[in-house]
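This is what each chain is made of:
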Amino acid sequence: MTSHAIGHASTVAASPRREGAWRWRSLSIRAKLPIGAVLLVALASAAVTGAAYVRVRAFVLGSASDRLFRAATQVSDILGKSVRQRATALQQAAHAPVLAALSTHGDASEVPAARDSLVKLAGPGAAATVGVLALDGHVIVASDDTPLSLPQVPSLQPLASDAAAFAVTPLVRRPQDGRLSYVMTVGMYDHDRLVAYLVEHRQAGGGRDTVALMTGLIGTQAQLTFGNARGDVWTDFALPAAPATSAILHGANVTATGREDLFARTAPIPGTPWVSGVGFPVSPVMQPVHRFLIECTLVATGVIALAGFAAWWGSRRITGPLARLTDAAASLANGDPAPVLALDRRDELGRLAASFNQMAQRVTESRRALEHLVNDLEGRVTARTADLESANRELEAFSYSVSHDLRAPLRAVAGFSKILLEDHASSLNASGRECVETIARRAGHMGQLIDDLLAFSRLGRTTIQRETVDMNRMVRGIIDEIVRANPARRIVWDTQPMPPAFAAPALVQQVLANLLQNAVKFTRTRDEARIGVGVTNTDRGPAYFVRDNGVGFDMQYADRLFGVFQRLHAQHEFEGTGVGLAIVHRVVDRHGGQVWVEARPDVGATFYFTLPRDTGDVG
Amino acid sequence: MNTPISPEMEILLVDDDPDDVTLALRALDRQHLANRVHVVHDGAEALTYLRGMTRPRLVLLDLKLPKVSGLEVLAEVRNDPRLKTLPVVILTSSREEPDVARAYALGANSYIVKPVDFEQFLRAVSEIGLYWLLINQSPAQ
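Residues numbered from 1 in each chain as written. Chains lettered and ligands numbered in written order. Predicted model: local features only at pLDDT ≥ 70, side-chain atom pairs only at ≥ 80, totals over all residues. Heavy atoms only, no water.

## Observations concerning the overall build of chain B
Okay, step 1: The helix and strand inventory of chain B stands at five helices and five strands.
Okay, step 2: Sequence-ordered secondary structure for chain B, helices as α and strands as β, is β-α-β-α-β-α-β-α-β-α.
Okay, step 3: Taking all 141 residues of chain B together, the buried fraction comes to 52%.
Okay, step 4: Pairs at least 24 apart in sequence give 67% of the contacts found in chain B among residues at least 6 apart.
Okay, step 5: Total accessible area on chain B is roughly 6,700 Å²; 53% of this is exposed by carbon and sulfur atoms. (Helix = DSSP H or I, 4+ residues; strand = E, 2+ residues; numbered from the N terminus. Buried < 20%, exposed > 50% of the residue type's maximum accessible area, 1.4 Å probe, protein only. Contact = heavy atoms within 4.5 Å. Areas by Shrake-Rupley, 256 points an atom, 1.4 Å probe, with all protein chains shown as cover.)

## Focus on the overall build of chain A
Okay, step 1: The helix and strand inventory of chain A stands at 13 helices and 18 strands.
Okay, step 2: Each of the 619 residues in chain A was classed as buried or not, and the buried ones make up 38%.
Okay, step 3: Across chain A, every contact between residues at least 6 apart in sequence was considered, and the portion connecting residues at least 24 apart equals 63%.
Okay, step 4: Accessible surface for chain A amounts to roughly 35,400 Å². Of this, 57% is attributable to carbon and sulfur atoms.

## Some words on the sheet that holds strand S1 (residues 11-14) of chain B
All names here are of chain B.
Okay, step 1: Read across the open sheet, the five strands follow the order S2-S1-S3-S4-S5; overall the sheet is parallel. This sheet does not close on itself; its edge strands, each paired only once, are strand S2 (37-40) and strand S5 (110-113). Strand after strand, the sheet turns through a mean of 20° between neighbouring axes, direction not considered.
Okay, step 2: Two strands pair when backbone bridges link them, and S1 and S2 are joined in this way by four bridges, in the parallel orientation. Note on S2: the bridge partner recorded for Val14 is Val40.
Okay, step 3: The sheet contacts of helix H2 (residues 43-50) involve S1, S2 and strand S3 (58-61), and relative to S1 the element is tilted by about 160°.
Okay, step 4: Its contacts with the sheet put helix H3 (residues 70-79) on S3 and strand S4 (88-92), and the angle it makes with S4 is roughly 180°. (Pairing = 2+ DSSP bridges. Axes fitted to C-alpha atoms, helices over the stretch in contact; angles between N-to-C directions.)

## Some words on the interface of chain A and chain B
Okay, step 1: Counting residues at the interface gives 22 residues for chain A and 22 residues for chain B.
Okay, step 2: The largest share of the area that chain A buries against chain B comes from A:Tyr400, A:His404 and A:Arg411, three residues that together contribute 34% of it.
Okay, step 3: Inspection of the chain A/chain B interface yields four salt bridges.
Okay, step 4: A salt bridge links A:Glu422 to B:Arg26; the shortest N-O distance between them is 3.0 Å.
Okay, step 5: Summed over the shared surface of chain A and chain B, the number is seven residue pairs in polar contact (both at pLDDT 80 or more). (Buried area = accessible area lost by both parts, 1.4 Å probe. Salt bridge = Lys/Arg side-chain N within 4 Å of Asp/Glu carboxyl O. Polar contact = N/O pair within 3.5 Å; in protein donor to acceptor, adjacent residues only side chain to side chain.)

## Side note on the pairing of S1(B)
Residues and elements named next belong to chain B.
Okay, step 1: Judged by which residues are buried, S1 turns out to be covered on both faces: Ile11 and Leu13 on one side and Leu12 and Val14 on the other are all buried.
Okay, step 2: In terms of handedness, the path from S1 via helix H1 (residues 18-30) over to S2 forms a crossover that is right-handed.
Okay, step 3: Across four bridges, the pairing between S1 and S3 is parallel. Bridged to Leu13 within S3 is Leu60. (Right-handed = clockwise from strand over helix to strand, strands pointing away.)

## Quick notes on the side chain of A:Thr319
Residue and element names in this part refer to chain A.
Okay, step 1: Turning to its location among the elements, Thr319 is positioned in helix H8 (residues 282-333).
Okay, step 2: By relative accessible area, Thr319 is classed as buried at 10%.
Okay, step 3: Beyond its immediate sequence surroundings of up to four residues, Thr319 is in contact with Ile29 and Arg30.

## Some details on the sheet that holds strand S15 (residues 529-538) of chain A
All names here are of chain A.
Okay, step 1: With mixed pairing, the five strands of this open sheet are ordered in space as S13-S15-S16-S18-S17. Each of the sheet's edge strands pairs with one partner strand only, and the pair in question is strand S13 (491-495) and strand S17 (595-600). When strand polarity is set aside, the average angle formed by the axes of neighbouring strands in this sheet is 20°.

## A closer look at the confidence of the model for chain A
Residue and element names in this part refer to chain A.
Okay, step 1: Across chain A, pLDDT averages 81, with 88% of residues at or above 70.
Okay, step 2: The model gives residues 1-16 a pLDDT under 50, and that stretch makes zero contacts with residues more than four places away or in other chains.
Okay, step 3: Low pLDDT, under 50, characterises residues 249-253; the predicted model gives this stretch 14 contacts beyond four residues in sequence or across chains. (pLDDT = per-residue confidence, 0-100.)

## Some words on the environment of A:Ala353
All names here are of chain A.
Okay, step 1: Locating Ala353 in the fold gives a position in helix H9 (residues 348-423).
Okay, step 2: For Ala353, a relative accessible area of 4% translates into the label buried.
Okay, step 3: Between the alpha carbons of Ala353 and Ala342 there is a distance of 7.7 Å; along the sequence they are eleven residues apart.
Okay, step 4: Leaving out residues up to four positions away in the same chain, Ala353 has contacts with Leu325, Leu341 and Leu343.

## Description of the packing of H9(A) against helix H10 (residues 430-459) of chain A
Residue and element names in this part refer to chain A.
Okay, step 1: Interaxial distance between H9 and H10 falls to 9 Å at its minimum, and their mutual angle equals 160°. Considering their axes alone, H9 and H10 lie roughly antiparallel with respect to each other. Handedness of the H9/H10 crossing: left-handed. Facing Ser399, Val402, Ser403, Leu406, Arg407, Leu410, Val413, Ala414, Ser417, Leu420 and Leu421 of H9, the residues of H10 in contact are Arg433, Val436, Glu437, Ile439, Ala440, Ala443, Met446, Gly447, Ile450, Asp451, Leu454 and Ser457. (Parallel < 35°, antiparallel > 145°, perpendicular 65-115°, else oblique. Left-handed = near helix turned anticlockwise from the far one by under 90°.)

## With respect to the pattern of salt bridges
Okay, step 1: If you walk through the whole model with that rule in mind, you get 18 salt bridges over all chains.
Okay, step 2: Put simply, A:Arg407 and A:Asp451 hold a salt bridge, and the shortest N to O gap is 3.2 Å. With A:Arg407 in helix H9 and A:Asp451 in helix H10, this pair connects stretches of sequence that are 44 residues apart.
Okay, step 3: We classify A:Asp451 as buried; its relative accessible area is 13%.
Okay, step 4: A cluster of three or more residues bridged by salt bridges with shared partners is formed by A:Arg411, B:Asp15, B:Asp20, B:Asp62 and B:Lys114.

## Some thoughts on the pairing of strand S11 (residues 274-281) of chain A
Okay, step 1: Of all eight residues in S11(A), eight are buried, a share of seventy percent or more.
Okay, step 2: Alternating positions in S11(A) separate into two faces, A:Trp274, A:Ser276, A:Val278 and A:Phe280 on one and A:Val275, A:Gly277, A:Gly279 and A:Pro281 on the other, with burial throughout.

## A closer look at the packing of aromatic side chains
All names here are of chain A.
Okay, step 1: Scanning the model with the defined rule gives eight aromatic pairs over all chains in all.
Okay, step 2: Here the aromatic rings of Phe545 and Tyr608 are separated by 6.5 Å at their centres, their planes lie at 50°, and the arrangement is tilted. Of the two residues, Phe545 sits in strand S16 (residues 541-548) while Tyr608 sits in strand S18 (residues 604-609), which places them 63 residues apart along the sequence. Each member of the pair, Phe545 together with Tyr608, is buried. (Phe/Tyr/Trp six-rings, centres within 6.5 Å; stacked < 30°, edge-to-face > 60°.)

What follows is the structure in structure tokens.
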């Protein structure tokens, strides 16, 4: 019980997986092969395309980055040179006599001339303010009234010992107009001694010219910027730019500037705390990569389609013959002659077809042989059946003749004996009368014998129509008849309730009547006959029985008892034809039951018989 | 039992066995019916007699007869509009079930097996005669 339950559970658990496998397995090879090939080629194509894409992309990114870096370096060089030129211009101006005198002697009379010189130096417009500042930082003279201040001390230190040195500050945002500016400082010397500073406060960015120059250098799509190396201020040479580009300073290759993705590289501008940055939109750079990817995908799709078609064609070459083979095998299995498979190929399929043809031929041959044999057998069975039927008809005709023709003379013998006794009694003496009576009696006996024999013979030929038989009622009826026919007898009946039988009622009636009449007959010598009827459990199962306290018999003759004309008593002791028990035996046998007897001389006999009680068709 | 004796034959006995005829007549004699019996010995004779002017009140018909069998006679009788209501009792030696079934199927009124025992035979035949001629009410001609 437990193992059964476990087995059931595991079956249930396994079924979904099996179902999935079943779907793939139930696909035909014609479908499986192309699907497999397409999947395989698709996988390979995807792998190759993916790897190539990664390589190409890395290469494109790398070369773009290199080019940007070179461009940024060039821009930085140009800007650095420009800064140095300006510093050189300032240093030359510092040596100019007017300014040198002012810085050395602090002669106030020189101031107007010095201012004129400084205004000239600052150039037209308001792009710059130039001034001379004393070492302590106070303005000695300036090109206009814009406040000037010295940058921090560390950046000025090189100026004390190096006349070629200059100092440039990081870019700062001017509060008044938001423009970026820086301060450049050069030293003013009197015989190599630093006496004052020449300071220029200049607006950053070279203006449109510079931008146009640069753009011409690296292309219109490039974005050119520069700003402080520390990243706080940033400009596109004209206006302050978005600080987001500061990410570029920290090594990012690609940055988002709001509108589109950019590649960008930076390079430090020599002599300044600034860097220049060159950005380039990602999409034009990546366009060849994307085009490569699309081309690869198109090629891969073509290859996949080709592989699928090739696999389909190949599998058709294989499954076509297989399908024909299957059809042929099916028609062979149905019993039709299999068509001969014509396969013009020498490969495995060709050999398979050849083997199949051989097999089909043999099967067809053996089937023909079998059919022949069956026909022969059927013919023989038909002939034998006809023989049997004719024998049966002869037997019927014979028993009909016996029935009709044997009884007529017997009736005449018996009848005329009686007439002799009735009409001519006076002509006969006592001995003669006795002879005639014997003739009449024995003729009657023979009539009875013939009737019994015919009944027995009929039993072997009639078909058994079973129905439920009320054994109790049947026994009561038979006993009533016996009691009426034997009014002088003293019989004690012991009938127990019996279950119904499933049998032919008329035949069971005959069995019970024969057994009960036998019991009555063989208890004739008893003062009080005891006859019992019922059901008892035996080693052959529950059995009906009829028991008497009659003369019984020696059990060594028991096996003869059920044979036709077999008698254990002389006719003068107990009359009988010897057919009754043979009829009992045949009826029980034809019902698939058993009959047997237990007896002891002078004590009595018990007859047992079984009858099937279910509806199972036995016998 | 004194019954009025009508001049015409009231029983037709059809039997080819003269001994059986003798025994049957002896049986009917006990009921004083023997002189009202006409005996024929085969089926053809029986049909000729039945198609003639006299119509018996009862036919005792054996089955195994020369020329025309008892069952054929019975079939002819039942097919004849004039005779089809005629009481026909089969009186034969055959106990075979097919004979009994066919006889009743063809419209026999009774089927009696001739007993071998003479006393039983006497009783059977005389009772048939009594029943069909005196007790039973036959349809008007």
